[in-house]
Amino acid sequence: MKKVYIETYGCQMNVNDTEVIFAILGKAGYARTESMEEADLIMANTCSVRDNAEQRIWGRIEQFNVQRKKRPGTLVGIVGCMAERLKDALLETHKVDLVVGPDAYRSLPRLLEAISPDSPQIDVLLSRDETYADITPVRTDRNGVSAFISIMRGCNNVCSYCVVPYTRGVERSRDAHSIVREACDVFRRGYKEVTLLGQNVDSYLWKSADETVNFAALLRMVAEIDPSLRVRFSTSHPKDISDEVIETMAAYPNICKHIHLPVQSGSTRLLEKMRRKYSREWYLERVAKIRSIIPDCGLTTDVIAGFCSETEEDHRDTLSLMDEVGFDWAFMFAYSERPGTLAARNYPDDVTPEVKTRRLNEIIELQNRKGLESYRRDIGKELEVLVEGTSKRDPGQLCGRASSNKMCVFPAGNLKVGDYARVRVIDATSATLICVLA
Ligand code: SAH
Ligand code: SF4
Ligand code: F3S
C-alpha cells in the first residue's frame, strides 16, 4: 500500500479539508503516514491569507523536494489556497508533481494515475456546488473528543484585503441532513463536541424542494442530537449574526457560549474601506445584544493593524473599541497586501512596516491586559468543562475548555478524557483558568 504524508497550514477549514483528502486517497489505496521519510506522496495543504504564511510554506516545499531527490519516485503535491492562487506558476517555479485547488480533491486519484516525471498534473477548477457532503473525513485530531465539521465552503463577501474569495470561490451551503448525519456519526464514535465551520456561518442557507434551513435552524438540529454533545461554530460575521442565532444559543445549554466575531478595525472609515459592511456602532450594538441575552458569552476577535491609509486616529479607534469590549482573546495581524484583491488594486499599502509593527504591538499589549482581566473575572466561578487531555505544563493535571472556550487546567481526580467535569476557578493567567474540582 502506498503512503501519503500531508502537512496542513492555515485555518481550521484547511485542517478539515486534509481529512477529506485522506478519505479520498484512502479509497484510492493510500494509507496515511505521519513520517515524511516513508511517504510515497508528500503534500502541503496550503494557505495564502498573509504573505508570511506563504513564505513559511515555500521553505517546507524546498524540504519536500530534497526528499524527492533522495528517494526518486516520491511525488510532491501542493493543494489548497496557494495552489488555487498561483496555479501553473507553481509547476514552473517549484517543479512539483501535483497542483490541486480546494474544490478539485475528488480528482486526486485520477491525477495521481496520470502523473509521470515529465507530465505533472494540475486541477484548480473552482465549483459552484462542491461541498464534499458525502465524504466522511478521516479524523486527524488526537483526542477523539472534539470534531470539526464543514457546513459551507467559499465566501461571497469581498472584504478588500482578503484573498479567500479568490482561493475558495463562491459561497455554498452543505446539505443540512448530511451535516446532522456526520455529527451523529462522530457522537456515536465517542466524540463529545462538534464545531461547525464556515467563513461566515451566519449566511448558511440550505434549500431543498420542501425545506429551507438557516444557520439558527441548523444549530437547533445539531444541538438536538443529544444534550451531552456540545456544539460550537466559527466564524461569525458582525454584519450577519442574527438575534435568532443569539437566542438559539441561549435556549440550548449544549450550544457553547462563545462567539468568534472578527472586528478587524474599530474605525468606521477603515471598515468601509475594508468593505466589511458594518460600522463601529453596529459592531458595539451586536456585542451589547449578545451580552444582554447571554451575559457570560465568551467573545474573541481578529484585528488587522496598519491597513491602507490607517491614521493614528483610526488606530486609536481600534484600541478604544478593544478596550470597551474586552475580548477574551484575539488573533492580531499586521496588514499584508495580497495580489489581486480589491485593496491591492485600489489602495496603496502606505503604512510603513515600522508603524505597522508598532501599532500591532500596542494592540497585542492592550489585548494581553484585557484578556487577563477577562480571565481573572472568572475566579470564584463554577464551570463545566469537557476533559480534552493532560495539561502540557503539568502531566499530573488535566485540561479542557469551558463553554466560553477558555482553557482550564484542573486535578485529574477520577476523570478521563471525554468526561464532563465541574470545576471552580481559583486563579488565572491571560490564557488559562487554574481550577480545582468543585
Ligand atoms: N471569514 C473570516 C476570516 C477569515 S481569514 C471573517 O470574515 O472574519 C482570518 C483572518 O485573517 C481575518 O479575520 C483577518 O483578520 C486576517 N486577514 C485576512 N486577510 C488579511 C490580510 N491581507 N492581511 C492581514 N490579515 C488578514
Ligand atoms: Fe475574507 Fe471577508 Fe470572506 Fe472573511 S468574510 S473570508 S475576511 S472576504
Ligand atoms: Fe488560509 Fe485558505 Fe483558510 S487562505 S485562512 S487556508 S481559506
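From a predicted model like this one, the values you see are computed outputs, not experimental measurements.

A. Spatial organisation of the sheet that holds strand S19 (residues 407-411). Taking strand neighbours around the barrel as the criterion, the 5 strands line up as S17-S18-S19-S21-S20 in a closed arrangement whose pairing is mixed. Each neighbouring strand pair of the sheet contributes to a mean axis angle of 50°, computed without reference to strand direction. Here strand S20 (residues 420-428) runs beside strand S21 (residues 432-437); their pairing, made up of 5 bridges, is antiparallel. Considered in S21, the bridge of Val425 is made with Cys435. Each of S19, S20 and S21 touches helix H14 (residues 353-376); the most contacted strand, S20, lies at about 125° to it.

B. Summary view of the packing of aromatic side chains. The tally for this structure, following the rule as stated, stands at 7 aromatic pairs. Their ring planes at 85° and their centres at 4.9 Å tell us that Phe307 and Tyr335 sit as a pair that is edge-to-face. One end of the pair, Phe307, is in the loop between strand S15 (298-305) and helix H12 (312-325); the other, Tyr335, is in the loop between strand S16 (329-334) and helix H13 (342-346), and 28 residues separate them in sequence. Neither residue differs from the other here; Phe307 and Tyr335 are each classed as buried. One aromatic cluster is present, built from ring pairs that chain together Tyr161, Phe307, Tyr335 and Tyr347. The ring of Tyr347 carries the charged tip of Lys273 above its face, separated from the ring centre by 4.4 Å. Note that Arg286 overlies the ring of Trp282, its terminal NZ or CZ placed 5.9 Å from the centroid.

C. The arrangement of the site of ligand 3 in detail. Surrounding ligand 3, one finds Cys11, Asn14, Thr46, Cys47, Ser48, Val49, Cys81, Arg168 and Gln199. Considering only residue class, the shell around ligand 3 consists of 4 nonpolar, 4 polar and 1 charged.

D. Highlighting the sheet that holds strand S7 (residues 146-150). Taken together, the 3 strands give an open sheet; going across it, the order is S7-S10-S13, and neighbouring strands pair in parallel fashion. In this open sheet, the two strands that pair with only one neighbour each are S7 and strand S13 (230-234). Across the sheet, the mean angle from the axis of one strand to that of its neighbour is 25°, orientation sign disregarded. For S7 and strand S10 (residues 193-197), the ladder comprises 5 bridges, and the chain directions are parallel. When the sheet's bridge partners are listed, Ile149 is paired in S10 with Leu196. Taken strand by strand, helix H1 (residues 12-27) contacts S7 and S10, and its axis lies near 90° from that of S7.

E. Highlighting the pattern of salt bridges. The full count for this structure, using the stated rule, is 43 salt bridges. Ionic pairing is found between Glu182 and Arg139, a salt bridge with its closest N-O pair at 2.5 Å. Here Glu182 is found in helix H7 (residues 176-188), whereas its partner Arg139 is found in the loop between strand S6 (121-123) and S7, with 43 residues between them in sequence. Owing to a relative accessible area of 10%, Arg139 belongs among the buried residues under this scheme. The closest approach of N and O atoms between Asp419 and Lys416, which form a salt bridge, is 3.3 Å. Take Asp419: its relative accessible area is 19%, and that puts it in the buried class. Using a relative accessible area of 56% as the deciding quantity, one classes Lys416 as exposed. The network of salt bridges with common partners includes Asp17, Asp103, Arg153, Arg168 and Arg172.

F. Looking closely at helix H2 (residues 51-70). Spanning 20 residues, H2 covers 30 Å between terminal C-alpha atoms, matching the ideal 28 Å at 1.5 Å per step. Within the span of H2, buried status applies to Ala53, Glu54, Ile57, Trp58, Ile61, Phe64, Asn65, Gln67 and Arg68. On its buried side, H2 packs onto strand S1 (2-8), strand S3 (41-46), strand S4 (75-80), helix H3 (81-86) and helix H4 (89-94).

G. Highlighting the pairing of strand S11 (residues 205-208). Taken together, the 4 bridges between S11 and strand S12 (residues 211-214) define a ladder with antiparallel strand orientation. When the sheet's bridge partners are listed, Trp206 is paired in S12 with Val213. Hairpin remark: S11 followed by S12, antiparallel, with 2 residues in the connecting loop.

H. Up close: the site of ligand 1. Around ligand 1, the surrounding shell holds 15 residues, and the nearest of these are Gln199, Pro262, Gln264, Asp302 and Ser336. The backbone of Gln199 places a nitrogen or oxygen atom 2.8 Å from a nitrogen atom of ligand 1. Between ligand 1 and Gln264, the relevant distance is 2.7 Å, taken from an oxygen atom to a side-chain nitrogen or oxygen of the residue. Considering ligand 1 on its own, with 540 Å² of exposed area, one finds that the protein chains cover 90% of that surface.

Here is what the cut-offs are and how they apply
- Each residue is numbered by its place in its chain's sequence as written, counting from 1.
- Whichever chain is written first is A, and whichever ligand is written first is 1; the rest continue in order.
- Per-residue local features are limited, in this predicted model, to residues with pLDDT of at least 70; the limit for side-chain atom pairs, both in listing and counting, is 80 or more; totals at the level of whole chains, interfaces and linings are taken over all residues.
- To get the side-chain values, take all heavy atoms of the structure and skip hydrogens and water.
- Here, any two strands with at least 2 DSSP bridges between them count as paired.
- Helix and strand definitions here come from DSSP, where helices need a minimum of 4 consecutive H or I residues and strands a minimum of 2 consecutive E residues; each element is numbered from the N-terminal end.
- Comment: axis = line fitted to C-alpha atoms, over the contacting stretch for helices; angle = value between 0 and 180 degrees taken between N-to-C directions.
- The contact rule is simple, with two residues in contact once any of their heavy atoms fall within 4.5 Å.
- Side-chain rings of Phe, Tyr and Trp (the six-membered ring for Trp) are treated as a pair once their centres are within 6.5 Å; stacked means planes under 30 degrees apart, edge-to-face means over 60, and tilted covers the remaining angles.
- Three labels apply to residues, based on accessible area from a 1.4 Å probe with only protein chains included: buried if under 20% of the type maximum, exposed if over 50%, partly exposed otherwise in between.
- Geometrically, a charge over a ring is one whose NZ (Lys) or CZ (Arg) sits within 6 Å of the ring centre while staying within 35 degrees of the ring normal.
- Residues are counted as near a molecule or strand when any one of their heavy atoms sits within 4 Å of it.
- Ten residue types, Ala, Val, Leu, Ile, Met, Phe, Trp, Tyr, Cys and Pro, are classed as nonpolar, four, Asp, Glu, Lys and Arg, as charged, and the remainder, Gly among them, as polar.
- Whenever a carboxyl oxygen of Asp or Glu lies within 4 Å of a side-chain nitrogen of Lys or Arg, that contact is scored as a salt bridge.
- Multiplying one less than the number of residues by 1.5 Å gives the expected span of a helix.
- Whenever two N or O atoms come within 3.5 Å, that pair is a polar contact, provided that in protein one can donate a hydrogen and the other can accept it, and provided that, for residues adjacent in sequence, both atoms are side-chain atoms.
- Computed with the Shrake-Rupley method and a 1.4 Å probe, the accessible areas treat only the protein chains shown as cover for residues.

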